[in-house]
Amino acid sequence: MSSFFIKKKGNAKVSKTDEKTVAMKRKVDGDSGSKGRSKKLNSRLNEEISSDSEPESPAIKKKLRLAKLYLDQLREEEEKKAEESFETDLIAGRLQEEVLEQKGKLQRLVAKDFLPPDAADLRLLRGHKLPVTCLVISPDDKQIFSAAKDCSIIKWDVESGKKLHTIAGGRKGTEDRHVGHTAHILCMAVSSDGKYLATGDMNKLIMIWEAATCKHLYKFTGHRGPVSGLSFRKGTHDLYSASHDRSVKVWNVDENAYVETLFGHQDVITGLDCLSRECCVTAGGRDRTVRVWKIAEESQLVFHGHESSIDCIQLINEEHMITGADDGSLALWSVNRKKPLSTVKKAHGCHGDQGLEQPHWISSVAALQNTDTVASGSHNSKVQLWRCGEGYRGLHPLFSVPVAGFVNSLKFSSTGDFLVAGVGQEHRLGRWWRNKEAKNGLYIIPLKKRTNSDQEATNGE
């Protein structure tokens, strides 16, 4: 039969030859399809691999630039947060210090950082003819005012050591025509803003001066004995004065006015001090009491502890003070306790023949405010620095500075960078002894502080 198709009941039938042809065709098509797919896959992979080695597109560059800017912004924000955190901590610390200062509980522990100065670094300022009796340092630590038994007042420049102004003393009997003092000046004070200078003398007078120009402004009279203590209330122009007439007086310098008088001491008042509270502290000489005067309440607190005449007093902060007596003792006090927190007897040693030794009188004390550092002076040719124990319970010697003569007055600079000693051949209140080798003048004592390298060296030893 020559035909390929056989018709059977209307259905077509494929021959064996055709079936083989179709199968072969399908196989060829399948092979070609898989080869096509593999070619497409290979070409896609080649494209992806080659894209890594191609230059970055503008879109990718833009993304990288934006990412870098974002990182820089984050870094700046973190640095700003760190700075703000530091400033916040600094402000918080300052506010905490101010609160403690107002409460009278601030005690910066700085005494351990001080080093003894070299003798060559001490500076002597000479200008007074007779022993220096008192001194004050201006609030900015740039000037010193000093007074002496020669009735003169000298204003000094700290940096150069030169005299800026001299108010000469007058002779006795020239009070009516002389502008200034004509008797020994015993005390002086400067207001916290540096505007006014007050001085008090043996003639029962208080004189008020313009600190900048040393121009005489007012004269306060009213005390019946020598004026032995003066202090301005911090932040005001209220002036407190103490006298050998056993009274404390309050004055308003702005108004050139007397305010009131307070009584209580049983002997001459030898020293007075105050800070920012409306109160002051006084030393009562041979009545052997320290008193805290609450001006607004017109009341007083009486403290006992010394066994001899208390000759000098200084506040350390609003609630603690130091006193010195003529039996050579130093005492630390709290206004909340009637007895001393700590006492050091014979703080400056003794003098005299064996068996007849007498302690060196404490003639002056000073305190670096709101710290643990105080100083005392006598006539044993030394200024002694002390470290107060924690809570002011204890007084420990730091080091002494050689200064010949009677140390009649001591004052720390507000920064604690230097200490000034007013020195004379005689005691400020009399002529019991005379040291001819001493020089009348001011010693500026620099207070060196330990550096980090010093501390590391000390720790290494």
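Before reading further, recall that the structure is shown in the block above.
Residue numbers here run from 1 along each chain, matching the order of that chain's written sequence. Totals for whole chains, interfaces and linings use every residue, but because this is a predicted model, local features are given only for residues with pLDDT of at least 70 and side-chain atom pairs only at 80 or more, for both listing and counting. Side-chain calculation: all heavy atoms of the structure are included, whereas hydrogens and water are not.

## Quick notes on the overall build of the chain
Filter applied, for reference: Numbering goes from the N terminus for both helices and strands, where a helix is a DSSP run of H or I of at least four residues and a strand is a run of E of at least two. Exposure is judged per residue with a 1.4 Å probe applied to protein chains only, and the accessible area is read against the type maximum: over 50% gives exposed, under 20% gives buried, and values in between give partly exposed. Any two residues whose heavy atoms approach within 4.5 Å at even a single point are treated as in contact. Only the protein chains shown count as covering a residue, and every accessible area follows the Shrake-Rupley method with a 1.4 Å probe.
Scanning the chain from terminus to terminus reveals three helices and 32 strands. Within the chain, buried positions represent 46% of all 461 residues. At a minimum sequence separation of 6, the contacts of the chain that also span at least 24 residues come to 49%. When the accessible surface of the chain is summed, it comes to about 25,500 Å², and 50% of that surface belongs to carbon and sulfur atoms.

## Quick look at the environment of K345
With respect to the element layout, K345 can be found in the loop between β22 (342–344) and β23 (350–351). Ignoring any residue separated from it by four or fewer positions in sequence, one finds K345 in contact with E307, G328 and S329.

## What about the sheet that holds strand β11 (residues 227–232)?
Note the following rule: The criterion for strand pairing is that DSSP finds at least two bridges linking the strands in question. The axes used here are C-alpha line fits, helices contributing only the stretch in contact, and every angle between their N-to-C directions lies in the interval 0 to 180 degrees.
Ordered in space as β11-β12-β13-β14, the four strands form an open sheet in which the pairing is antiparallel. Edge positions in the sheet fall to β11 and β14 (257–263), since each of these pairs with one other strand and no more. The mean angle between the axes of side-by-side strands here comes to 20 degrees, regardless of whether they run parallel or antiparallel. In terms of strand pairing, strand β12 (residues 238–243) meets strand β13 (residues 247–252) through five bridges, oriented antiparallel. Each bridged residue has a counterpart across the sheet, and for A242 the counterpart in β13 is V248.

## Some points on the layout of surface pockets
The condition that has to hold: Here a cavity means grid points, on a 1 Å grid over the protein atoms only, where a 1.4 Å probe fits yet cannot get out; a pocket means an open set of points with protein on both sides within 12 Å along at least five of seven lines; lining residues are those with an atom within 4 Å of a point. Grid points are joined across faces, edges and corners, and a volume is the space filled by probe spheres set on the points.
In this structure, the second largest pocket spans a volume of roughly 150 Å³. Lining the second largest pocket we find H244, D267, V268, T270, G285, R286, S309, D311, D326, W361, L429 and W432.

## A short note on the side chain of H237
Short version of the rule: The term polar contact refers here to a pair of N or O atoms within 3.5 Å; inside protein, the definition further demands a hydrogen-donor-capable atom paired with an acceptor-capable atom, and it admits residues adjacent in sequence only when both atoms are side-chain atoms.
Turning to its location among the elements, H237 is positioned in the loop between β11 and β12. Side-chain polar atoms of H237 contact the side chain of D254, separated by 2.9 Å. Among all residues touching H237, those that are not within four sequence positions of it are S191, D193, K195, Y196, F232, W251, N252, V253 and D254.

## Topic: the pattern of salt bridges
Convention followed: We define a salt bridge as a contact between a side-chain nitrogen of Lys or Arg and a carboxyl oxygen of Asp or Glu at a distance within 4 Å.
Using the criterion set out here, one finds eleven salt bridges in the structure. Salt-bridge contacts for R233 lead to D238; the nearest nitrogen and oxygen are separated by 4.0 Å. Here D326 and R286 are joined by a salt bridge, their closest N and O atoms 2.9 Å apart. You can see D326 sitting in the loop between β20 (320–325) and β21 (330–334) and its partner R286 sitting in the loop between β16 (279–283) and β17 (289–294), a full 40 residues away along the chain.

## Describing a negative patch on the surface
Note the threshold: Here the term patch refers to residues with relative accessible area over 30% and no salt bridge, with like charges joined within 9 Å and nonpolar side chains (Val, Leu, Ile, Met, Phe, Trp, Tyr) within 5 Å. Positive charge is attributed to Lys and Arg, negative charge to Asp and Glu, and no charge count is given to His or to the chain ends. Lys charges are placed at NZ, Arg charges at CZ, Asp charges at CG and Glu charges at CD.
Together, E76, E77, E78, E79, E83 and E84 make up a negatively charged patch on the protein surface. Structurally, E78 can be placed in helix α2 (residues 58–103).

## Re the nonpolar core
Looking at soluble globular proteins, one finds that nonpolar side chains tend to be buried together. Under the convention used in this document: In these notes, a set of buried Ala, Val, Leu, Ile, Met, Phe, Trp, Tyr and Cys residues joined through side-chain atoms within 4.5 Å is what counts as a nonpolar core.
Within the largest apolar cluster, 19 residues are counted, with the highest numbers of intra-cluster contacts made by V383, V403, L419 and I445. Taken together, the elements giving at least two residues each to this core come down to β27 (382–388), β28 (395–402), β29 (406–412), β30 (418–424) and β31 (441–446). Look past the residues within four positions of L419 in its chain and what remains in contact with it is A375, V383, L385, L410, K411, F412, Y443, I444, I445 and L447. Counting residues in each nonpolar core, the second largest holds 16 residues, with I322, A347, A367 and V374 among its members.

## With respect to the pairing of strand β19 (residues 310–317)
Most of β19 is tucked away: eight of the eight residues are buried. Examined bridge by bridge, β19 and β20 share six bridges and lie antiparallel to one another. Bridging across to β20, N317 finds its partner in H320. Hairpin geometry of β19 and β20 is characterised by an intervening segment of two residues between the two adjacent antiparallel strands.

## A word on the state of the cysteines
Keep this limit in mind: Sulfur atoms of two cysteines make up a disulfide when they are within 2.5 Å.
Inspection of the entire model under this criterion finds zero disulfides. Left without a disulfide partner, C134 is nearest to the cysteine sulfur of C187, which lies 6.4 Å away. Accessibility expressed as a relative area gives 5% for C134, which makes it buried.

## Focus: empty space enclosed by the protein
This is how the line gets drawn: Any residue that is not Ala, Val, Leu, Ile, Met, Phe, Trp, Tyr, Cys, Pro, Asp, Glu, Lys or Arg is counted as polar, Gly included; the first ten are nonpolar and the last four charged.
Under the definition given, this model contains one cavity of 30 Å³ or more. Of the volumes computed, that of the largest cavity is approximately 40 Å³. Considering only residue class, the lining of the largest cavity consists of five nonpolar, no polar and one charged.

## A word on the sheet that holds strand β26 (residues 373–377)
Strand order in the open sheet formed by four strands is β25-β26-β27-β28, with antiparallel pairing between adjacent strands. This sheet does not close on itself; its edge strands, each paired only once, are β25 (364–367) and β28. Strand-to-strand twist in this sheet, taken as the mean axis angle between neighbours without regard to direction, amounts to 25 degrees. With four bridges joining them, β25 and β26 adopt antiparallel strand pairing. Each bridged residue has a counterpart across the sheet, and for A366 the counterpart in β26 is A375.

## Looking at a nonpolar patch on the surface
On the surface, Y70, L71 and L74 cluster together into a nonpolar patch covering about 300 Å² of accessible area. Tracing the chain through its elements places Y70 in helix α2.

## Focus: the packing of aromatic side chains
The test is simple: Each Phe, Tyr or Trp ring (for Trp, its six-membered ring) is paired with any other whose centre lies within 6.5 Å, and the angle between the two planes then decides the class: stacked below 30 degrees, edge-to-face above 60, tilted in between.
Under the defined criterion, the tally for this structure stands at four aromatic pairs. Arranged with centres 4.7 Å apart and planes meeting at 5 degrees, the rings of F220 and W251 form a pair that is stacked. In this pair, F220 sits in strand β10 (residues 215–220) while W251 sits in strand β13, placing the two residues 31 residues apart along the sequence. A relative accessible area of 2% means that W251 is categorised as buried. Taking the centre distance of 5.6 Å and the plane angle of 70 degrees together, the rings of W251 and Y258 count as edge-to-face. Among the residues examined, Y258 registers a relative accessible area of 45% and is labelled partly exposed.

These values are about where atoms sit, not about what they do.
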